[in-house]
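These are the residues of each chain, in order.
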Amino acid sequence: MYALDFSYPMNNNLKKKGRYSYFEAGEGKPIVILHGLMGGLSNFDGVANYFPTKGYRVIIPELPIYTMSLLKTNVKSFAKYVKDFIDYMDLDRVILLGNSLGGHIALYHTKMYPTKVAGLVITGSSGLYESAMGDSYPRRGDRDYIQKKAEDVFYDPKIATKEIVDEVYATANDRIKLVKTLAIAKSAIRHNMAKDLPKMDTPTCIIWGKNDGVTPPHVAEEFNKLLPNSKLYWIDKCGHAPMMEHPDEFNTLLQEWLDTTKLV
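Just so we're clear, the structure is a prediction, and the values are computed from it rather than from any experiment.

**Q** Looking at this structure, how should I read the overall build of the protein chain?
**A** In terms of regular secondary structure, the protein chain is built from 9 helices and 8 strands. Every one of the 264 residues in the protein chain was classed for burial, and the buried ones make up 57%. A separation threshold of at least 6 residues defines the contact pool for the protein chain, and within that pool the share at least 24 residues apart is 77%. Counting only carbon and sulfur atoms, one obtains 50% of the accessible surface of the protein chain, whose full area is about 11200 Å².

Quick look at the structure:
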């Protein structure tokens, strides 16, 4: 199943430079965070508040999920956009963190530009487990259906707030965004990473919800098996977005991995 990342944008405190909009906090080793569909910068509030206090510079660019031309609405083009952003910001050897589609983009970027990435962090990532949108495709005008799908993303359905559901509902009723969502889903299938992962030796941290119904636990195990330099961490009672449902535990696990992994 390829699901939407139910989230709402963190528009406060965004910087604008050139063609880029992004959130930035802290100084030190850069952690570049890649959100998923629908611009969920706010999904990473926990990370953005914690790691700048630990000597890291957290940067979250707004990805052009719905503003690229249709021909460029695909995983490869988004990975190239991230490379251009990293170059524009004059960053070197970043830690790249992505959830869901953002994880897939991070993986593909690392495949294309391995010298740019010191470490990779994926959580609820696509890249191995995609199919047609099927019954997860958001039906226009059906708010109850969208509410249920939003709740299914989380172990605790209360995290699917009215703001999150409203944002998804608006997107599902935007014809152009729906067309691009479908293009992204097809691109995710086309850019399956199974054959690439064994050749990627970038240190990788995999943090996964034990109750993820979108990218189930066996997907995390497959990532861990295929990536030669990876470590897998589990979060219990947790769905598809661990950094939202259990931000403190997510930060603790990521900090542990950073402390025990030599990133150069």
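**Q** I tried to follow the sheet that holds strand S1 (residues 15-17) on my own but got confused; where do I start?
**A** Strand pairing within a sheet occurs via backbone hydrogen bonds; the two strands may be parallel or antiparallel. Here we have 8 strands laid out as an open sheet, ordered S1-S2-S4-S3-S5-S6-S7-S8, and mixed in their pairing. Edge positions in the sheet fall to S1 and strand S8 (230-235), since each of these pairs with one other strand and no more. If you compare each strand with its neighbour and ignore which way they point, the axes differ by 25 degrees on average. Note: strand S3 (residues 29-34) against strand S4 (residues 56-61), 4 bridges, orientation parallel. Note that in S4 the partner of Pro-30 across the bridge is Arg-57. Across the sheet, helix H2 (residues 75-88) touches S1, strand S2 (20-25), S3, S4 and strand S5 (94-99), and the angle it forms with S2 is around 60 degrees. The sheet strands contacting helix H9 (residues 247-260) are S4, S5, strand S6 (117-123), strand S7 (204-209) and S8, and the helix crosses S8 at an angle near 160 degrees.

**Q** Looking at this structure, how should I read the nonpolar core?
**A** What tends to happen in soluble globular proteins is that the nonpolar side chains get buried as a cluster. Counting residues in each nonpolar core, the largest one holds 42 residues, and the members touching the most others are Leu-96, Leu-197 and Phe-223. Residue assignment for this core shows that the elements contributing at least two residues are S2, S3, H2, S5, helix H3 (101-112), S6, S7 and helix H7 (217-226). With 7 residues, H2 is the single largest residue contributor to this core. Excluding anything up to four places from it in sequence, Phe-223 contacts Leu-107, Ile-122, Ser-125, Ser-126, Gly-127, Leu-128, Leu-197, Ile-206, Trp-208 and Ser-230. Judged by nonpolar contacts, the second largest core, of 41 residues, contains Val-47, Val-58, Ala-160 and Val-214.

**Q** Quick question: what am I supposed to make of the pattern of salt bridges here?
**A** Side-chain pairs of opposite charge can arise where the charged atoms are in close proximity. All chains considered together, the criterion is met by 11 salt bridges. A salt bridge links Lys-83 to Asp-87; the nearest nitrogen and oxygen atoms lie 2.9 Å apart. Here Asp-87 and Lys-83 lie together in helix H2, a separation of 4 residues that amounts to about one turn. For Asp-152, the salt bridge identified is with Lys-148, shortest N-O distance 2.8 Å. Linking Asp-152 with Lys-148, this pair stays in helix H4 (residues 143-152), spanning 4 residues, or about one helical turn. Assessed through its relative accessible area of 38%, Asp-152 is described here as partly exposed. Members of the salt-bridge network, linked through shared partners, are Lys-15, Glu-24 and Arg-57.

**Q** So what exactly am I meant to see when it comes to the side chain of Thr-202 here?
**A** Summarising the element assignment, Thr-202 is placed in the loop between helix H6 (175-190) and S7. By relative accessible area, which is 7% here, Thr-202 ends up buried.

**Q** It is not clear to me how the packing of H4 against helix H5 (residues 162-172) should be interpreted in this structure. Could you clarify?
**A** A pair of packed helices is characterised by two quantities: the angle between their axes and the separation of those axes. Viewed as axis vectors pointing N to C, H4 and H5 meet at an angle of 125 degrees, and their least axial separation amounts to 9 Å. Judged by the inter-axis angle, H4 sits oblique to H5. Both H4 and H5 take part in a crossing whose hand is right-handed. Residues Arg-143, Ile-146, Gln-147 and Ala-150 of H4 pack against Lys-162, Val-165, Asp-166, Val-168, Tyr-169 and Ala-172 of H5. Grouping the constituent residues of the contact of H4 with H5 by class yields 6 nonpolar, 1 polar and 3 charged.

Basis of the calculations
Residues numbered from 1 in each chain as written. Predicted model: local features only at pLDDT ≥ 70, side-chain atom pairs only at ≥ 80, totals over all residues. Heavy atoms only, no water. Helix = DSSP H or I, 4+ residues; strand = E, 2+ residues; numbered from the N terminus. Buried < 20%, exposed > 50% of the residue type's maximum accessible area, 1.4 Å probe, protein only. Contact = heavy atoms within 4.5 Å. Areas by Shrake-Rupley, 256 points an atom, 1.4 Å probe, with all protein chains shown as cover. Pairing = 2+ DSSP bridges. Axes fitted to C-alpha atoms, helices over the stretch in contact; angles between N-to-C directions. Core = buried A, V, L, I, M, F, W, Y, C linked by side-chain atoms within 4.5 Å. Salt bridge = Lys/Arg side-chain N within 4 Å of Asp/Glu carboxyl O. Parallel < 35°, antiparallel > 145°, perpendicular 65-115°, else oblique. Left-handed = near helix turned anticlockwise from the far one by under 90°. Nonpolar A, V, L, I, M, F, W, Y, C, P; charged D, E, K, R; others polar.

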